[in-house]
Amino acid sequence: MNPLSNSMIKKILLVSLLFLLYACGTKKPVIQTTKDSTRKPQREVTRTVKKPTDYEWTSGPVEIPKTETLEATSKVKVTTEVVLKYIDTYKNVAMDNMRNHNVPASIALAQAILESGAGTGDLCRKANNHFGIKCHKEWTGESVRHDDDAAQECFRKYNKAYDSYQDYAAFLKGRKWYNPLFKLQIDDYKGWARGLKSAGYATDPAYPSKLIGIIERYQLQQYDALVLGKDYVVSQTVVKEVATPKPSSKKNLYEVVKGDTLYSIAKRFLISLEELKRKNNIQDDTISLGQLLEVK
């Protein structure tokens, strides 16, 4: 074998050995990672559940304002005690009407509270007219003049409140446009409230929500249940002022609370005062507790 070739072979072997030693010395150790047991757990995600729409009656406490502004044929401000006293005075008359004429006691009481200012309005005091019923052409009894949609309109006058309740039932039963109401379930107070507005009993677009609000705040459904022989659990009533904004569960509507003005509501929802009044067919600057206003 050629000596030169042996020398070259030795050099090659030496270089290979040095390369191998270098490679082994620079190899980095493998580090295993483990889960840190001290790490804080992630927060639980809280899911919100949408509240039911419309008016849902529950068995929990009910908020009743200390005062209410009632406006129909008269605009009056009354205390809760006045409203409760009115209910106690006329609940039996309303239940008799329900038995004899199929008008829900809850609806009769709510309309009487709203229309008469719980018995304190001018028309009620001077004419015993608890439902704001005008004379109309068939009326032959006594009458009084009272400002309503127009100045000095003719309203029916009664000798006593009982006569007003009786005539109210006859008034509804005697007009064909109210016939659909008597096809509803007799304790369907929401259907009755909306039907009264649709049939033309009142021009106020918020009339149904006002009636439903009164019924639910003062639990007037219990008198329908008494007439029908149904069970009804009366909730514990909490009397307190509502002092915070109360957005309605209905889309684009806002429920008026104590301290609200048309101006403050318009400012809150970034619309003009004129637009707010136009949307809700409001002619002056008067709004009532519990009134639902379209704001968008």
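Just so it is clear, the structure is predicted and the values come from calculations on it, not from any experiment.

Reading guide: rules and limits
Residues numbered from 1 in each chain as written. Predicted model: local features only at pLDDT ≥ 70, side-chain atom pairs only at ≥ 80, totals over all residues. Heavy atoms only, no water. Helix = DSSP H or I, 4+ residues; strand = E, 2+ residues; numbered from the N terminus. Buried < 20%, exposed > 50% of the residue type's maximum accessible area, 1.4 Å probe, protein only. Contact = heavy atoms within 4.5 Å. pLDDT = per-residue confidence, 0-100. Disulfide = S-S within 2.5 Å. Phe/Tyr/Trp six-rings, centres within 6.5 Å; stacked < 30°, edge-to-face > 60°. Axes fitted to C-alpha atoms, helices over the stretch in contact; angles between N-to-C directions. Left-handed = near helix turned anticlockwise from the far one by under 90°. Nonpolar A, V, L, I, M, F, W, Y, C, P; charged D, E, K, R; others polar. Salt bridge = Lys/Arg side-chain N within 4 Å of Asp/Glu carboxyl O. Core = buried A, V, L, I, M, F, W, Y, C linked by side-chain atoms within 4.5 Å.

**A few points about the overall build of the chain**
A tally of regular secondary structure across the chain gives ten helices and nine strands. For the chain, buried positions account for 41% of its 296 residues. Partitioning the contacts of the chain with sequence separation of at least 6, the portion at a separation of at least 24 is 60%.

**Focus: the confidence of the model for the chain**
Mean pLDDT for the chain: 76, with 68% of residues reaching 70 or above. Below a pLDDT of 50 lies the segment residues 26-62, which in the model reaches 31 contacts outside its immediate sequence neighbourhood of four places, other chains included. The low-confidence segment residues 236-245 (pLDDT under 50) makes 26 contacts with residues lying over four places distant or belonging to another chain.

**Focus: the state of the cysteines**
Enumeration over the complete set of coordinates arrives at one disulfide. The disulfide that involves Cys135 links it to Cys154, with 1.9 Å between the sulfurs. Judged by the sign of its S-S torsion, about -65°, the bond between Cys135 and Cys154 is left-handed. One end of the pair, Cys135, is in the loop between helix H4 (122-127) and strand E4 (143-146); the other, Cys154, is in strand E5 (residues 153-156), with 19 residues separating them in the sequence. By relative accessible area, which is 7% here, Cys135 ends up buried.

**A short note on the packing of aromatic side chains**
A complete count under the given rule lists twelve aromatic pairs for this structure. An angle of 90° between the planes, with centres 6.3 Å apart, marks the rings of Phe171 and Tyr201 as edge-to-face. Of this pair, Phe171 sits in helix H5 (residues 161-173) while Tyr201 sits in the loop between helix H6 (189-198) and helix H7 (207-217), and the two are 30 residues apart along the sequence. Using a relative accessible area of 7% as the deciding quantity, one classes Phe171 as buried.

**As for the packing of helix H3 (residues 105-116) against helix H8 (residues 221-228)**
Following both chains from N to C, one finds H3 and H8 inclined at 145°, their axes separated by 7 Å at the closest point. The interaxial crossing formed by H3 with H8 has right-handed handedness. Two secondary-structure elements touch here, H3 through Ala105, Ser106 and Leu109 and H8 through Gln221, Tyr223 and Asp224. Classifying every residue of the contact of H3 with H8 gives three nonpolar, two polar and one charged.

**Thoughts on the pattern of salt bridges**
Tallied over the entire structure, the rule returns twelve salt bridges. When the shortest N-O distance is used, the salt bridge between Lys134 and Glu153 registers 3.0 Å. Of this pair, Lys134 sits in the loop between H4 and E4 while Glu153 sits in strand E5; the two residues are 19 residues apart in sequence, bridging distant segments of the chain. With a closest N to O distance of 2.8 Å, Asp187 and Lys230 form a salt bridge. Taken as a pair, Asp187 in the loop between H5 and H6 and Lys230 in the loop between H8 and strand E6 (237-239) lie far apart in primary sequence, 43 residues in all.

**Overview of the nonpolar core**
If you look at the biggest cluster of nonpolar residues, it comprises 46 residues, and the most contacted ones within it are Tyr165, Tyr168, Leu172, Tyr201 and Leu220. Among residues more than four places away in sequence, those in contact with Tyr201 are Gln111, Glu115, Phe131, Ile133, Tyr168, Phe171, Leu172, Tyr178, Leu196 and Tyr207. One finds Tyr254, Val256, Leu276 and Ile287 within the second-largest nonpolar core, a separate group that totals eleven residues.

**Structural notes on H6**
In terms of burial, H6 is largely enclosed, as seven of its ten residues are buried. Those residues of H6 not exposed but buried are Tyr189, Lys190, Gly191, Trp192, Ala193, Gly195 and Leu196. For H6, the secondary structure elements touched by its buried residues are H3, H5, H7 and H8. Gly200, located one to two residues past H6, shows a positive phi value of around 100°.

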